[in-house]
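Descriptive structure summary
In case you want the letters, here they are:
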Amino acid sequence: MNHDRTGRIDRRRFLQAGAAATAGAASLTTSSPGQEAAAPNDTAVLPKRKLGKTGLEVTLLEQGAARRDTDRVLRFAFARGIRLFDTAKVYRTEPSFKKWFAQDPAIRKQIVLVTKDMPRKPSDMLRMVDQRLDTLGTDYIDVFFLHGLGDREYGGIDKSVAMLRSPEFRQVADRIRESGKAKFIGFSAHHPERAQLLQAAAETGVIDVIMLQYRPWLEKESALNRAIDAAWNKGIGLISMKQIANQAFGDKPRGNILEEVQQRVPALAERKLSVFQGLLHAIWTDERISAACVSMRNTEQIRENVDAARRFEPLKTADILNLRDEFRAHNPTLCADCDGRCSLAAGTKAELGNLTRFLTYFTRYGDRVAARREYAKLAAEARDWSGADLEAARAACPDRLDFARLLPQVDEYLA
Ligand code: SF4
């Protein structure tokens, strides 16, 4: 990872964020992690970082899709200092923004607004941007994303890479940017081979921003880590998503996991951080990442994460690795950061990473309909894990997912 480059990261702001964090920490010492903190600057805008070379500055924390009680969640997130907001056609949360902008037109210019859709071909984007503007009730989008690039809706990873590299994609992206309807073009990606997408984006120079599924303990020499470096070196803004979220250890952790983790990672206890706050600090320690998009669903989650952003200071590598070990030890369910080596090791065509991801949607995120819908889209052989060597899959998985425990649940809940 190249941290010596200048010009891409606003180091002054980075250090200021640390200083503000220290000041914030002093005023928060009586609060338990995750509790509402009555800091004097509780409603000030959160620390920001540059978003690649877009010229945008974004808060460390992005409000992801809330899906329930969206009107209230958006306003609360804004009131607590978040200025980066994520939505998408499929989330059906855009009308809440329209209502918000109609009630308070000044809000629009104070936030960075990201929305997404799934064009099958580049020219579809022209119509889609117009539709999103209409649904959002605004005359510009800050960043328009191709949603879940690499997924089967695009015909898979190879077709997605080909689309990114096509002259037509460049022409359409330029046309949209010149129109001002969307200032920047990007994509979100959780595909196991998303490194290919990042590399293509770095090489073509058409993409401004990428939101990617990310873990703070990526292997240095992994394809994804190298692709992140390539994208970052070209000034592409990077946002982390699906980083584990509040569901890392379950919404209601079993036993005294939180205590155990705080013992294993003393920095958390010293800073009075909850486990999830520690994970956010680990993510923000990677200077290539401008913001973490978190689907905060209630005021408690917003308070906890905003508190983490205000008190951010980089973590030591040893602390991040301890966090990783604790995460692995507590039965993670979400596949996050690699190339699908589990299926190869297991000798199966079943998409073990996707199966566990959809299970996470169902059991941890509460997105039961989406989980079943995504599962139903898989080909029969992608669902059939019979005969797979699940111990070999677990050994190959960087997060040591316990497939023997998880896959029967996939069949029970999603089939
Ligand atoms: S090995 Fe683990 S992280 Fe990689 S695709 Fe499989 S489940 Fe996901």
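All values derive from a computational prediction rather than experimental measurement. Throughout, a residue's number is its position along its own chain's written sequence, starting from 1. This being a predicted model, a pLDDT of at least 70 is required before a residue's local features are given, and a value of 80 or more before pairs of side-chain atoms are given or counted; all residues contribute to the totals for chains, interfaces and linings. The basis for every side-chain value is the complete set of heavy atoms in the structure, and neither hydrogens nor water enter the calculation.

Remarks on the environment of Thr 356
- You can see Thr 356 is positioned in helix α16 (residues 352–365).
- Expressed as a C-alpha distance, the spacing of Thr 356 and Leu 407, which sit 51 residues apart in the sequence, is 7.1 Å.
- Pairs of N or O atoms are called polar contacts if they sit within 3.5 Å, as long as, within protein, a hydrogen donor faces a hydrogen acceptor (for residues adjacent in sequence, only side-chain-to-side-chain pairs). Of the polar contacts made by the side chain of Thr 356, one reaches the backbone oxygen of Leu 352; its length is 3.0 Å.
- Engagement of the side chain of Thr 356 in a polar contact is seen with the backbone oxygen of Gly 353, the distance being 2.9 Å. To qualify as a helix, a DSSP run of H or I must reach at least 4 residues; to qualify as a strand, a run of E must reach at least 2; elements of each kind are numbered from the N terminus.

So, the sheet that holds strand β8 (residues 209–213)
- Strand pairing is defined by DSSP finding a minimum of two bridges between the two strands. Sheet architecture is closed into a barrel: 8 strands sit in the order β3-β4-β5-β6-β7-β8-β9-β10, paired in parallel fashion. Put simply, the sheet's adjacent strands are angled 30° from each other on average, direction ignored.
- In this structure, strand β9 (residues 237–241) lies alongside strand β10 (residues 291–294), joined through 2 bridges in parallel fashion. The partner of Ile 239 across the bridge, within β10, is Ala 291. Between N-to-C directions, angles span 0 to 180 degrees; the directions come from axes that are lines fitted to C-alpha atoms, helices contributing only their stretch in contact.

A short note on the confidence of the model for the protein
- For every residue, the predictor assigns a confidence score, pLDDT, that lies between 0 and 100. Of all residues in the protein, 83% have pLDDT values of 70 or greater, and the mean over the chain is 84.
- Confidence over residues 1–40 falls short of pLDDT 50; this stretch has 68 contacts with residues more than four positions distant or in other chains.
- Scored below 50 in pLDDT, residues 245–254 shows 23 contacts in the model against residues more than four places distant or in partner chains. Contacts are assigned to residue pairs with any non-hydrogen atoms lying within 4.5 Å of each other.

A look at helix α2 (residues 70–79)
- Each residue is assigned to one of three classes by its accessible area relative to the maximum for its type, calculated with a 1.4 Å probe on protein chains only: buried under 20%, partly exposed between the two thresholds, exposed over 50%. Within α2, burial applies to Thr 70, Val 73, Leu 74, Phe 76, Ala 77 and Phe 78.
- Lining the buried residues of α2 we find β3 (61–63), β4 (84–86), α3 (94–103), α4 (107–110) and α13 (299–310).

Observations concerning the pattern of salt bridges
- Definition used for salt bridges: Asp or Glu carboxyl oxygen within 4 Å of a side-chain nitrogen of Lys or Arg. The tally for this structure, following the rule as stated, stands at 26 salt bridges.
- The closest approach of N and O atoms between Lys 377 and Glu 153, which form a salt bridge, is 2.6 Å. Remark: Glu 153 occurs in the loop between β6 (141–146) and α6 (157–165) and Lys 377 occurs in helix α17 (residues 368–377); sequence separation between them is 224 residues.
- Assessed through its relative accessible area of 35%, Lys 377 is described here as partly exposed.
- Across the salt bridge formed by Glu 221 and Arg 226, the nearest N and O atoms sit 4.0 Å from each other.
- Salt bridges here are not isolated pairs; linked through shared partners, they connect Glu 153, Arg 373, Glu 374 and Lys 377.

Some thoughts on the packing of aromatic side chains
- Paired rings are identified among Phe, Tyr and Trp, the last through its six-membered ring, by centres lying within 6.5 Å, and are further divided according to the angle between planes into stacked (under 30 degrees), edge-to-face (over 60) and tilted (the rest). Using the criterion set out here, one finds 8 aromatic pairs in the structure.
- Each ring, one from Phe 85 and one from Phe 97, has its centre 6.2 Å from the other, and the planes form 80°; the classification is edge-to-face. One end of the pair, Phe 85, is in strand β4; the other, Phe 97, is in helix α3, with 12 residues separating them in the sequence. Like Phe 97, Phe 85 is buried.
- Both rings, one in Phe 362 and one in Tyr 413, keep their centres 5.0 Å apart while their planes meet at 15°; by these two values the pair is stacked. Of the two residues, Phe 362 sits in helix α16 while Tyr 413 sits in helix α20 (residues 403–414), which places them 51 residues apart along the sequence.
- Overall, the relative accessible area of 4% leaves Phe 362 in the buried class.
- The exposure class of Tyr 413 is partly exposed, given its relative accessible area of 29%.
- Ring pairs connect the aromatic residues Phe 78, Phe 85, Phe 97, Trp 100 and Phe 101, which therefore count as one cluster.
- Over the ring of Tyr 140 we find Arg 108, and its NZ or CZ is 3.8 Å from the ring centre. We call a charge positioned over a ring when the NZ of a Lys or the CZ of an Arg lies within 6 Å of the ring centre and within 35 degrees of the ring normal.

Focus on unusual backbone geometry
- Positive phi, normally seen in glycine, also occurs at Arg 92, with a value near 60°.
- In this fold, Arg 92 is placed in the loop between β4 and α3.
- Unusually for a residue other than glycine, Lys 272 sits at a positive phi of about 55°.
- Relative to the helices and strands, Lys 272 is located in the loop between α11 (266–271) and α12 (275–285).

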